[in-house]
Amino acid sequence: KNPVQSTKSESGKNENIIKPTKNGKLVFVFDDAGHNMSQLKPFLSMPFPVTVAILPKLAYSKDAAVALRNAGVCSILHQPMQAVNLSVDPGPGAIKPEMYSYEIEAIVKENLAEVGPVIGLNNHEGSLITASQSDIGTVLDVCKEKGIVFLDSRTNSESKAKQAALERGMTILERDIFLDNIQDKNEILAMIDKGLEIADKKGYVIMIGHVWCKDLANILSEVYPDLKAQGYTFLTLQELFNELN
């Protein structure tokens, strides 16, 4: 895959050097921090910039937020929202379909205050809420007021987040790839490859994984040197947002 050119080093020996040919930007977001600290640990010292999404109102939500800030890792709120499947419990601090807009606004602000300061938020579950232009619009109003980024995790192809953002003259970001729907190294590598194809075409890709996927941090750390050598750059969600605006 990589064009290798042979060059003579100063000592006169031939050395193979990979010539960087890619210029796509890769953004990795890891969801579901806050359940415990052991799962989070590998993501505090990744060899490249990452973004971690913290669930609110869990035993370790605040501790996770502090650990991420202390490690200099970009963090966002992982805002729970009701899924289309009503039997799925989105967890504490969730946006429910029966809520009025002032209630949605209050819960999002409360959650942001708990784990903040953060640079943005994305949805946890939420296929029902993101499909409601008014409900997701209320979430975007809070993002606009706070000056933070909204990332649509795209748990529903019927998401109305983009339309709600257009109404408000806002730019939002959207997930391209879920890395670990199947927790198997080869499957994860295949999803990374899919992500790279998107980055090659679009200029960037946003890939979401989860802190509870036990090999994910290792797999990404292993492939990082090769991806860097190919010319890919690694950005936080905030850095990508800044570049696109």
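Now for a description of the structure that goes with this document. All values derive from a computational prediction rather than experimental measurement. (Residues numbered from 1 in each chain as written. Predicted model: local features only at pLDDT ≥ 70, side-chain atom pairs only at ≥ 80, totals over all residues. Heavy atoms only, no water.)

1. Details of the overall build of the chain
Link 1 in the chain: In terms of regular secondary structure, the chain is built from 8 helices and 11 strands.
Link 2 in the chain: In terms of overall size, the chain behaves like a compact globule, its C-alpha atoms giving a radius of gyration of 19 Å where 245 residues would be expected to give roughly 18 Å.
Link 3 in the chain: Seen through its C-alpha atoms, the chain measures out along the principal axes to roughly 70 × 40 × 30 Å.
Link 4 in the chain: When contacts within the chain are restricted to residue pairs at least 6 apart in sequence, those whose partners lie at least 24 apart make up 69%. (Helix = DSSP H or I, 4+ residues; strand = E, 2+ residues; numbered from the N terminus. Rg over C-alpha atoms; globule rule 2.2 N^0.38 Å. Contact = heavy atoms within 4.5 Å.)

2. Digging into the packing of helix 2 (residues 101-115) against helix 4 (residues 133-146)
Link 1 in the chain: Contact geometry for helix 2 and helix 4: axes closest at 9 Å, N-to-C directions at 45 degrees. In this view, helix 2 runs oblique relative to helix 4, as classed from their interaxial angle. As helix 2 runs across helix 4, the sense of the crossing is right-handed. For the pair helix 2 and helix 4, the contacting residues are Ser 101, Ile 104, Glu 105, Val 108, Lys 109 and Leu 112 in the first and Asp 135, Thr 138, Val 139, Val 142, Glu 145 and Lys 146 in the second. (Axes fitted to C-alpha atoms, helices over the stretch in contact; angles between N-to-C directions. Parallel < 35°, antiparallel > 145°, perpendicular 65-115°, else oblique. Left-handed = near helix turned anticlockwise from the far one by under 90°.)

3. Regarding the nonpolar core
Within soluble globular proteins, side chains that are nonpolar generally end up buried alongside one another.
Link 1 in the chain: Of all hydrophobic cores here, the largest spans 58 residues; its most connected members are Leu 26 and Val 52.
Link 2 in the chain: Looking at this core element by element, the count peaks at 7 residues for helix 7 (residues 216-230).
Link 3 in the chain: For Leu 26, the contacting residues outside a window of four places in its chain are Leu 196, Ala 199, Val 205, Met 207, Leu 227, Tyr 232, Thr 233, Phe 234 and Leu 235.
Link 4 in the chain: Val 27, Ala 53, Leu 173 and Leu 240 belong to the second largest nonpolar core, which has 15 residues in total. (Core = buried A, V, L, I, M, F, W, Y, C linked by side-chain atoms within 4.5 Å. Buried < 20%, exposed > 50% of the residue type's maximum accessible area, 1.4 Å probe, protein only.)

4. Topic: the packing of aromatic side chains
Where two aromatic rings form a pair, the distance of their centres and the angle of their planes describe that pair.
Link 1 in the chain: By the definition in use, this model includes 7 aromatic pairs.
Link 2 in the chain: Here Tyr 100 and Tyr 102 contribute two aromatic rings whose centre-to-centre distance is 5.9 Å and whose plane-to-plane angle is 10 degrees, an arrangement assigned as stacked.
Link 3 in the chain: Take Tyr 102: its relative accessible area is 57%, and that puts it in the exposed class.
Link 4 in the chain: Members of the aromatic cluster, each reached through a chain of ring pairs, are Phe 28, Phe 48, Tyr 224 and Phe 234.
Link 5 in the chain: Over the ring of Tyr 204 we find Lys 202, and its NZ or CZ is 4.4 Å from the ring centre. (Phe/Tyr/Trp six-rings, centres within 6.5 Å; stacked < 30°, edge-to-face > 60°. Lys NZ or Arg CZ within 6 Å of the ring centre and 35° of its normal.)

5. Some points on the pairing of strand 3 (residues 25-33)
Link 1 in the chain: Burial analysis of strand 3 places 8 of its 9 residues in the buried class, which makes it a mostly covered element.
Link 2 in the chain: Looking at chain direction, strand 3 and strand 10 (residues 204-210) are connected through 7 bridges and run parallel. Pairing of Lys 25 across the sheet is with Tyr 204, part of strand 10.
Link 3 in the chain: Strand direction decides the pairing type here: strand 3 and strand 4 (residues 51-54), joined by 3 bridges, are parallel. When the bridges of strand 4 are listed, Phe 30 appears paired with Val 52. (Pairing = 2+ DSSP bridges.)

6. Focus: unusual backbone geometry
Link 1 in the chain: Residues Gly 116 and Pro 117 are joined by a peptide bond in cis, for which omega reads 5 degrees.
Link 2 in the chain: The topology assignment puts Pro 117 in the loop between helix 2 and strand 6 (120-125).
Link 3 in the chain: Even without glycine at this site, Lys 57 takes up a positive phi of about 60 degrees.
Link 4 in the chain: Checked against the element boundaries, Lys 57 lands in the loop between strand 4 and helix 1 (61-70).
Link 5 in the chain: For Lys 57, a relative accessible area of 32% puts it in the partly exposed group.
Link 6 in the chain: The residue Glu 125 is not glycine, and still its phi comes out positive at about 60 degrees.

7. Some thoughts on the pattern of salt bridges
Link 1 in the chain: A full pass over the atoms with the stated rule returns 12 salt bridges.
Link 2 in the chain: In this structure, Asp 200 and Lys 22 form a salt bridge, with 3.3 Å as the shortest nitrogen-oxygen distance. With a gap of 178 residues between them, Asp 200 in helix 6 (residues 185-202) and Lys 22 in the loop between strand 2 (14-18) and strand 3 connect regions that are remote in the sequence.
Link 3 in the chain: Of the residues examined, Asp 200 reaches a relative accessible area of 38% and is grouped as partly exposed.
Link 4 in the chain: Look at Lys 22 and you get partly exposed, because its relative accessible area is 29%.
Link 5 in the chain: In this structure, Glu 105 engages Lys 109 in a salt bridge whose closest nitrogen and oxygen atoms are separated by 3.0 Å. Of this pair, Glu 105 and Lys 109 both sit in helix 2, 4 residues apart, which is roughly one turn of the helix.
Link 6 in the chain: Given the relative accessible area of 33%, Glu 105 is considered partly exposed.
Link 7 in the chain: The partly exposed category is assigned to Lys 109, whose relative accessible area is 23%.
Link 8 in the chain: Through salt bridges with shared partners, a single network forms among Glu 105, Lys 109 and Glu 145. (Salt bridge = Lys/Arg side-chain N within 4 Å of Asp/Glu carboxyl O.)

So far we have only geometry, and geometry alone does not tell us how the molecule works.
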